[in-house]
Amino acid sequence: MRRKRDHVGNESVNPYVVAMTGASGAAYGWRLIQELCTRGFPTFVLISEWAGRVLKEELGIELSSGHSAAKEDFLSFFPESRRSTLHLEDFRDLSSPLASGSFRVQGMIVAPCSMGTIAGISGGISDNLIERRADIMLKERGRLILVPRETPLSQIHLRNMLTLAQMGADIVPAMPGFYHRPKKVEDLVDFVVGKVLDLLQIPHDLYNLREKVEAGVRLTREEGLEAMTSFDLLTLGTLADTARKRISGDYVYFTSNVNINYSNICWVDCDFCAFSRLPGQDGAYQLSVEQVAERADKPWVNEVHIVGGLHPRLPITYYEEILKEIKRRRPDIYVQAFTAVEVDYFSKMSRLPVGEVLSRLSRAGLDGMPGGGAEILSERVRRELCPRKISSERWLEVIRIAHDRGIRTNATMLYGHIETAEERISHLLALRELQDRTFGFKSLVPLAFHHKNTNLARPHPTDGLDDLRVLAVSRLMLDNFPHIKALWTYIGPKMAQIALHFGADDLGGTLLEEKVVHEAGARTPSGLSRDYLERMIREAGRIPVHTNSSYQIPKDLVA
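### Remarks on the nonpolar core
And step 1. In terms of nonpolar packing, the biggest core is built from 107 residues, with Tyr262, Ile306, Ile326, Phe338 and Trp395 touching the most fellow members.
And step 2. Among the nonpolar cores identified, the runner-up in size contains 34 residues, and Ala26, Leu32, Val54 and Leu55 belong to it.

### Brief notes about the packing of aromatic side chains
And step 1. In this structure the tally under the stated criterion is nine aromatic pairs.
And step 2. Centre to centre, the rings of Tyr253 and Tyr551 are 5.2 Å apart; their planes meet at 85°, and the pair counts as edge-to-face. Taken together, the residues span a long stretch of sequence, with Tyr253 in strand β7 (residues 251-255) and Tyr551 in the loop between β15 (543-546) and α25 (555-558) at a distance of 298 residues.
And step 3. Given a relative accessible area of 12%, Tyr551 falls into the buried group.
And step 4. Site record: aromatic cluster; members linked through ring pairs are Tyr262, Tyr318, Tyr319, Phe338 and Phe346.
And step 5. Cation over ring: Arg535 sits above Tyr532, and NZ or CZ is 4.9 Å from the ring centre.

### Points about the sheet that holds strand β9 (residues 303-307)
And step 1. What the three strands build is an open sheet, ordered β8-β9-β10; its pairing is parallel. Where the open sheet ends on each side, the last strands, each with one partner, are β8 (257-261) and β10 (334-337). Along the sheet, successive strands turn relative to each other by an average axial angle of 20°, direction set aside.
And step 2. Pairing geometry for β8 and β9, over five bridges, is parallel. Within β9, the residue paired with Ile260 across the bridge is Ile306.

### Considerations on the pairing of strand β1 (residues 16-20)
And step 1. With respect to burial, β1 is a largely interior element, five of its five residues being buried.
And step 2. Burial along β1 is two-sided: Tyr16, Val18 and Met20 and Val17 and Ala19, pointing in opposite directions, are all buried.
And step 3. Two strands pair when backbone bridges link them, and β1 and strand β2 (residues 43-47) are joined in this way by five bridges, in the parallel orientation. Paired with Tyr16 across the bridge in β2 is Thr43.
And step 4. Note: β1 against strand β4 (residues 107-113), four bridges, orientation parallel.

### A closer look at the packing of helix α16 (residues 354-364) against helix α18 (residues 392-404)
The axes of two packed helices give the description: the angle between them and the distance between them.
And step 1. In contact at an axis separation of 10 Å, α16 and α18 are set at 50° when each is read in the N-to-C sense. One finds that α16 runs oblique with respect to α18. Judged by the twist between their axes, the crossing of α16 over α18 is right-handed. Of the residues in α18, those touching α16 at Val354, Gly355 and Leu358 are Arg394, Val398, Ile401 and Ala402.
And step 2. Residues belonging to the contact of α16 with α18 are distributed by class as follows: five nonpolar, one polar and one charged.

### Structural notes on the sheet that holds strand β5 (residues 143-148)
Strand-to-strand pairing in sheets goes through backbone hydrogen bonds, with the strands running parallel or antiparallel.
And step 1. Strand order in the open sheet formed by six strands is β3-β2-β1-β4-β5-β6, with parallel pairing between adjacent strands. Each edge of the sheet is formed by a strand with only one pairing partner; in this case those strands are β3 (86-90) and β6 (170-171).

### Structural notes on the packing of helix α15 (residues 340-350) against α18
And step 1. Where α15 meets α18, the axes come as close as 9 Å, and the angle between the chain directions of the two elements is 85°. Considering the angle they form, α15 stands roughly perpendicular to α18. Counting all contacts with α15, which are made through Ala340, Val341, Val343 and Asp344, the residues of α18 involved are Arg394, Trp395, Val398 and Ile399.
And step 2. Of the residues that constitute the contact of α15 with α18, the class distribution is six nonpolar, no polar and two charged.

### Section: the confidence of the model for the protein chain
And step 1. With 85% of its residues at a pLDDT of at least 70, the protein chain reaches an overall mean of 83.
And step 2. Every residue in residues 1-13 scores below 50 in pLDDT, and together they form 24 contacts with partners more than four places removed in sequence or on other chains.

### Topic: the side chain of Lys327
And step 1. Residue position: Lys327 is located in helix α14 (residues 316-329).
And step 2. Exposure remark for Lys327: the relative accessible area of 19% places this residue in the buried category.
And step 3. Setting aside its immediate chain neighbours within four residues, Lys327 contacts Ile333, Val335, Ala364, Gly365 and Asp367.

### Regarding the pattern of salt bridges
And step 1. What the rule picks out here adds up to 31 salt bridges.
And step 2. Ionic pairing is found between Asp250 and Arg244, a salt bridge with its closest N-O pair at 3.8 Å.
And step 3. Given the relative accessible area of 27%, Asp250 is considered partly exposed.
And step 4. Owing to a relative accessible area of 1%, Arg244 belongs among the buried residues under this scheme.
And step 5. Note that Lys324 is salt-bridged to Glu321, the shortest N-O span being 4.0 Å. One end of the pair, Lys324, and the other, Glu321, are both in helix α14, three residues apart, so they sit about a helical turn from each other.
And step 6. The exposure class of Lys324 is partly exposed, given its relative accessible area of 43%.
And step 7. Residue Glu321 is classed as partly exposed on the basis of its relative accessible area of 39%.
And step 8. Connected via shared salt-bridge partners are Asp241, Arg244, Lys245, Asp250 and Arg542.

### With respect to unusual backbone geometry
Negative phi is the rule for most residues except glycine; trans is the rule for most peptide bonds.
And step 1. Its identity as a non-glycine residue notwithstanding, Glu375 has a phi of 50°, on the positive side.
And step 2. By secondary structure assignment, the location of Glu375 is in the loop between α16 and α17 (379-385).
And step 3. For Glu375, a relative accessible area of 9% corresponds to the buried category.
And step 4. The phi torsion at Phe439 lies on the positive side, around 45°, for a residue other than glycine.
And step 5. Summarising the element assignment, Phe439 is placed in the loop between α19 (421-438) and β12 (441-448).

What counts and what doesn't
Note on numbering: residues in each chain are counted from 1, in written sequence order. The predicted nature of this model means local features are confined to residues of pLDDT at least 70 and side-chain atom pairs, given and counted, to a pLDDT of 80 or more, with totals for whole chains, interfaces and linings taken over all residues. Side-chain measures were taken over the full set of non-hydrogen atoms in the model, leaving aside hydrogen atoms and water. Nonpolar cores were defined as sets of buried Ala, Val, Leu, Ile, Met, Phe, Trp, Tyr and Cys residues, with membership established by side-chain atoms within 4.5 Å. Here the term buried applies to any residue with accessible area under 20% of the maximum for its type, exposed to any over 50%, and partly exposed to those in between, with areas from a 1.4 Å probe on protein chains only. The rule is short: rings of Phe, Tyr and Trp, with Trp giving its six-membered ring, pair when the centres are within 6.5 Å, and they are stacked under 30 degrees, edge-to-face over 60, tilted in between. A helix here means a DSSP run of H or I that spans at least four residues, while a strand means a run of E at least two residues long, and both kinds are numbered starting from the N terminus. Here, over-ring charges are defined by two tests on the NZ atom of lysine or the CZ atom of arginine: distance to the ring centre within 6 Å, and angle to the ring normal within 35 degrees. One requirement defines pairing of two strands: DSSP has to find at least two bridges between them. Angles run from 0 to 180 degrees between N-to-C directions of axes, and those axes are lines fitted to C-alpha atoms, restricted for helices to the stretch in contact. Throughout this description, any angle smaller than 35 degrees is read as roughly parallel, any larger than 145 degrees as roughly antiparallel, any in the 65 to 115 degree range as roughly perpendicular, and the remainder as oblique. Here a crossing is taken to be left-handed if its near helix is turned anticlockwise relative to the far helix by less than a right angle, and right-handed if that turn runs clockwise. Note on definitions: a residue-residue contact is assigned when non-hydrogen atoms from the two residues lie within 4.5 Å. Classes in brief: Ala, Val, Leu, Ile, Met, Phe, Trp, Tyr, Cys and Pro nonpolar; Asp, Glu, Lys and Arg charged; the others, Gly included, polar. Note on scores: pLDDT gives the predictor's confidence for each residue, bounded by 0 and 100. By definition, a salt bridge exists where a carboxyl oxygen of Asp or Glu is found within 4 Å of a side-chain nitrogen of Lys or Arg.

Right, here's the structure in full:
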């Protein structure tokens, strides 16, 4: 069969007939019509009298009497750009070109149909357009998909279904609970519509987002939730890659950095943390100012990342001296240090306003702040996992103050523990809203939760599907964030490389001496070389940019 292309580049625009045969057919039929028309498929609709009543009573779609008037009513529910692909027919019109076969179609969907309709098709009875057209489809070996609206009640019903299956029809049972236990009617409708579109080999999830993403239109909360719960990973990746390319082109950034944790002593004791120790506990440590500076003073390092626990006895001068000593030794190095949680704690311990703390740190040599401590910006999650940590509102406030003082920051999202999809989207929206006001965020860093050695038992770490989905949805929702970072230390080098096709444009860096995620059981390497990262990026079809968290592109790449 020769295939032709539609105006949006998809293969096979051969028209399909959607027949809504009775009262129960309206919900499925209406959804199928929407899905097919969205994709540009010429779609013929056959509506019975009872189906028309249900459209009016349940969906508020009232069709006027008379074929022309009814068609105008029907078309009014679709965008003008799609109306030319939609055709309305009366299922009683046996003189229709559809009934005679003079107007050929390549597929027909009867969704759902009664056992009487199945009997009529299997027996060759042609007292209405639906049965006559279906019979022609089978004889011409076209695609016929039947969605029974009821369980077969007798051997006769089963025999009729078997006959149609042997003739080449596809049967999609629509009985509640047949495939799963839906919580609401809409779940079952979505499920069966998805099954039908799968049979047609049509991508059915997220397609309605394509036009908005391609046009650069901001996604809503509802659309973000749809994406965050989607299993249509390939479509999701395609959309995220479109958004990535519009923002970053084909550049992928990485740094030659070292990760320094000045102390693991922390009184907060979060359930998801395997790194922290209480004062005096076995394994607790604190580095001196000189030890921190020595670890940063490597000739190949162009950035240092410094975070630690909330130590109950260290003064603010300790943190200032760390920054000063690093800058004394290496004035060229980019110092990204201290999360919003740490800065808030410094403020409390020193009894200084957050703004004054940040000003002192900035004068000492602070270039930017990491995005840690955000976890999930949900008070429910924070009450359960980190009740002693600052609130979501306070985290956002500290970050806003930093942005107001010209200190740019990252943001993180720790996912894969007890958070819901809704809370993930709320987290992203809170970041997006603050970015609209300050434009001080450089990147989002999604962090996959690792459970080993924590107080939060999990049967397994996050899977690859969720890792890629979170990265892709983050890129789609955060249209005002310049960068999305895929840290190979959290998801592994191979998955991070794939993430470059799912919205990410930053692999982090060499990250030697990383401890936080490895204490929680990560089995990724303790560091990667610059050559290795460059090769990863090139083999993914991207252009590597060796820089620091300022994201400045070297002059030799600008030309």
